[in-house]
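What the coordinates show
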Amino acid sequence: MAGLQQTNSEMILLSWVRQSTRNYPQVSVTNFTTSWSDGLAFNALLHSHRPDLFDWNAVASQQSPVQRLDHAFNIARQHLGIEKLLDPEDVATACPDKKSILMYVTSLFQVLPQQVSMEAIREVEMLPRPSRITREEHIEVHEQHFSQEVSFPFLLSSCCSKGVVSLPT
């Protein structure tokens, strides 16, 4: 039952984020990992509720992902009282930690307006789910294409770990 509650909480949180960032064409939030690594989602979320705090175009177009993340975390700390729980360098990766992102976005959810429409929730329900494949299935696919040591990402549930596998030559 706890897993179901967590899934519903994540769905509502994702619905709120998507609804809040809908008017930002550079932002497409579909998950609590890779959608956040460039810093745009955090800034769009803040700007959608508090446009008086900063110039969106300046942040979106002129800064690196680490700078955008640092900007968002500093704005949230200075103006919303949310501690800087994440390091920009830890988020600006190929796959940031899902639980860390969830924790931080939940902190934002607690201090920003929280209205979520049923339309936004239905939209999230329709998002494609990442396929769940085993490591062995992924290796089998890659064995068909490579015959030397390769580094590749593989999906295990919803994590983004990297594996290095030596394949026979």
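Residue numbers here run from 1 along each chain, matching the order of that chain's written sequence. Reporting of local features is limited, given that this is a predicted model, to residues whose pLDDT is at least 70; pairs of side-chain atoms are given and counted only at 80 or more, and all residues count toward the totals for whole chains, interfaces and linings. Side-chain metrics rest on all non-hydrogen atoms present in the structure, leaving aside hydrogens and water.

- Identification of the chain as DMD protein from Promerops cafer is taken from an unreviewed UniProt entry.

**Examining the packing of aromatic side chains**
- Whether two aromatic rings pair depends on their centres lying within 6.5 Å, for rings of Phe, Tyr and Trp, where Trp uses its six-membered ring; planes under 30 degrees apart make the pair stacked, over 60 edge-to-face, and the rest tilted. Applying the stated rule across the entire model yields seven aromatic pairs.
- Between the aromatic rings of F42 and F73, the centroid separation amounts to 5.2 Å while the plane-to-plane angle is 70°, which identifies the pairing as edge-to-face. Note that F42 is positioned in helix α2 (residues 40–49) and F73 in helix α4 (residues 65–80), a separation of 31 residues in sequence.
- Joined through ring pairs, the aromatic side chains of F32, W36, F42, F73 and Y104 make up one cluster. Starting at the N terminus, helices and strands are each numbered in turn, a helix being any DSSP run of H or I of at least four residues and a strand any DSSP run of E of at least two.

**Topic: the packing of α2 against α4**
- Between α2 and α4, the shortest axis-to-axis distance is 8 Å and the interhelical angle comes to 35°. Here α2 and α4 pass one another in a crossing that is left-handed. Between α2 and α4, the contacting residues are L40, F42, N43 and L46 on the first element and R68, L69, H71, A72, F73, I75, A76 and L80 on the second. Geometry is summarised by axes, namely lines fitted to C-alpha atoms with helices restricted to the contacting stretch, and by angles between N-to-C directions that run from 0 to 180 degrees. Each helix crossing is assigned a hand: it is left-handed if the near helix lies turned anticlockwise from the far helix by less than a right angle, otherwise right-handed if that turn is clockwise. By definition, residues are in contact when any of their heavy atoms lie within 4.5 Å.

**Remarks on the pattern of salt bridges**
- The salt bridge criterion pairs a side-chain nitrogen of Lys or Arg with a carboxyl oxygen of Asp or Glu, the two atoms within 4 Å. Going through the model one piece at a time under the given rule, you end up with three salt bridges.
- With a closest N to O distance of 3.2 Å, E10 and K98 form a salt bridge. In this pair, E10 is assigned in helix α1 (residues 2–20) and K98 in helix α6 (residues 98–111), connecting sequence segments 88 residues apart.
- Only protein chains enter the accessibility calculation, which uses a 1.4 Å probe; a residue whose area is less than 20% of its type maximum is buried, one above 50% is exposed, and one in between is partly exposed. We classify E10 as buried; its relative accessible area is 16%.
- A salt bridge links D52 to R50; its shortest N-O distance comes to 3.0 Å.
- The exposure class assigned to D52 is exposed, which follows from its relative accessible area of 56%.
- With a relative accessible area of 27%, R50 lands in the partly exposed category.

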